[in-house]
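Letter by letter, the chains look like this.
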Amino acid sequence: MPRHKDELPAVRVYTVCDESRYLIVRNVPALGCGDDLQKLFASYGDVEELKPMDAEDCEPFTDVYWIKFGLVSNARFAKRKLDEHVFLGNKLQVSYAPQFESLSDTKDKLQGRTNQVLARLNRAGKSPIQPPNSSSHPLSNSNRTRDVRELEGFPRANDPPLKRVSSDQDYFPSQSMNETVNLVRKKLDKIQSSSDQQAGTAPKKLRVDNRRRI
């Protein structure tokens, strides 16, 4: 993109629509160096055509060139490497020119990017994630509800009734474990009684400070 000499280059993200095999090169010294410029860009891919753009506005003593690459990938590589590249004392300003694309150029570009993405996904072993279909799921809604109820501890219809254990009855055959249970029960009863006493007492009345403040 055109910019002043003292201005820093801006960071820009390009999409497949912004990229193109057509490039515009600005700030080329007006020394008739088209052949040297073509050799420079041809080192990054097949250059089908290069010509100066005389009607394009440019800085004094500089020219603007239009370059057509055979592949978008070559143009992308050349732009990344040659933008801000010093050529005969001047820093080149390389930008994409998708406005010169024909309908077939745009179609080929989009199809090529689609093939690249699919090839990368296949190499990585990834496949598109399909949302599960409720009708084809092996578990119906009733089965899922039943499984959830079983996991959460809900009793089932065929289960025998729960046996209620008295507080005085021993839970375990081991005497030491029964003593531990009794100790825990006593502590819980003590905590429950203290909480009941605190709930029965009236809250303290807040004192009102009537003293004069200076």
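Residues numbered from 1 in each chain as written. Predicted model: local features only at pLDDT ≥ 70, side-chain atom pairs only at ≥ 80, totals over all residues. Heavy atoms only, no water.

Going by an unreviewed UniProt entry, the protein chain carries the name RNA-binding protein 48 and comes from Linum trigynum. The Sequence similarities (unreviewed entry) comment attached to the protein chain in UniProt states, word for word, "Belongs to the RBM48 family." (UniProt positions renumbered as here; feature names shortened; annotations may be inferred.)

A. Seen up close, the overall build of the protein chain. Looking only at helices and strands, the protein chain features 5 helices and 6 strands. Sequence-ordered secondary structure for the protein chain, helices as α and strands as β, is β-α-β-β-α-β-β-β-α-α-α. By the burial criterion, 21% of the 214 residues in the protein chain qualify as buried. Across the protein chain, every contact between residues at least 6 apart in sequence was considered, and the portion connecting residues at least 24 apart equals 68%. Total accessible area on the protein chain is roughly 17,500 Å²; 54% of this is exposed by carbon and sulfur atoms. (Helix = DSSP H or I, 4+ residues; strand = E, 2+ residues; numbered from the N terminus. Buried < 20%, exposed > 50% of the residue type's maximum accessible area, 1.4 Å probe, protein only. Contact = heavy atoms within 4.5 Å. Areas by Shrake-Rupley, 256 points an atom, 1.4 Å probe, with all protein chains shown as cover.)

B. Molecular detail of the pattern of salt bridges. All chains considered together, the criterion is met by 7 salt bridges. Of the charged contacts in the structure, one is a salt bridge between aspartate 105 and arginine 21, with a shortest N-O distance of 3.0 Å. Residue aspartate 105 is found in helix H3 (residues 103–124), and its partner arginine 21 is found in the segment before strand S1 (22–29); the two are separated by 84 residues along the sequence. One salt bridge connects arginine 26 with glutamate 56, and the closest N-O pair in it is separated by 2.9 Å. Highlighted residues: arginine 26 in strand S1 and glutamate 56 in the loop between strand S2 (47–52) and strand S3 (62–69), separated in sequence by 30 residues. (Salt bridge = Lys/Arg side-chain N within 4 Å of Asp/Glu carboxyl O.)

C. Local environment of the side chain of arginine 26. For arginine 26, a relative accessible area of 16% corresponds to the buried category. Separated by 3.3 Å, the side chain of arginine 26 and the backbone oxygen of aspartate 57 make a polar contact. (Polar contact = N/O pair within 3.5 Å; in protein donor to acceptor, adjacent residues only side chain to side chain.)

D. The environment of glutamate 49, seen in detail. Mapped onto the elements, glutamate 49 comes out in strand S2. Considered as a pair, glutamate 49 and tryptophan 66 are 17 residues apart in the sequence and their alpha carbons are 8.1 Å apart.

E. Highlighting the environment of valine 64. With respect to the helices and strands, valine 64 occurs in strand S3. The spacing of valine 64 and proline 29 is 35 residues in sequence and 9.0 Å in space, taken between C-alpha atoms. Sequence-distant contacts of valine 64, that is, excluding residues within four places in its chain, are made with Ile24, Val25, Arg26, Lys51, Pro52, Met53, Glu56, Asp57 and Cys58.

F. The pairing of S1, seen in detail. The element S1 is extensively covered by neighbouring structure, given that 8 of its 8 residues are classed as buried. The sheet contact formed by S1 and S3 spans 6 bridges and is antiparallel. Paired with isoleucine 24 across the two strands is tryptophan 66, which belongs to S3. Alignment of S1 against strand S6 (residues 93–96), held across 4 bridges, turns out to be antiparallel. Counterpart to arginine 26 in the pairing with S6 is glutamine 93. (Pairing = 2+ DSSP bridges.)

G. Quick peek at the sheet that holds S3. As summarised here, the arrangement of the 4 strands in space is S2-S3-S1-S6, forming an open sheet in which the pairing is antiparallel. The open sheet has two free edges, formed respectively by S2 and S6, since each of these has just one partner strand. Here the strands of the sheet are splayed against their neighbours by 20° on average, with no regard to which way each runs. Along the sheet, helix H1 (residues 34–42) contacts S1, S2, S3 and S6; its crossing angle with S2, the most-contacted strand, is approximately 145°. Against the sheet, helix H2 (residues 72–82) makes contact with S1, S3 and S6, and its axis sits at roughly 150° relative to S6, the strand it touches most. (Axes fitted to C-alpha atoms, helices over the stretch in contact; angles between N-to-C directions.)

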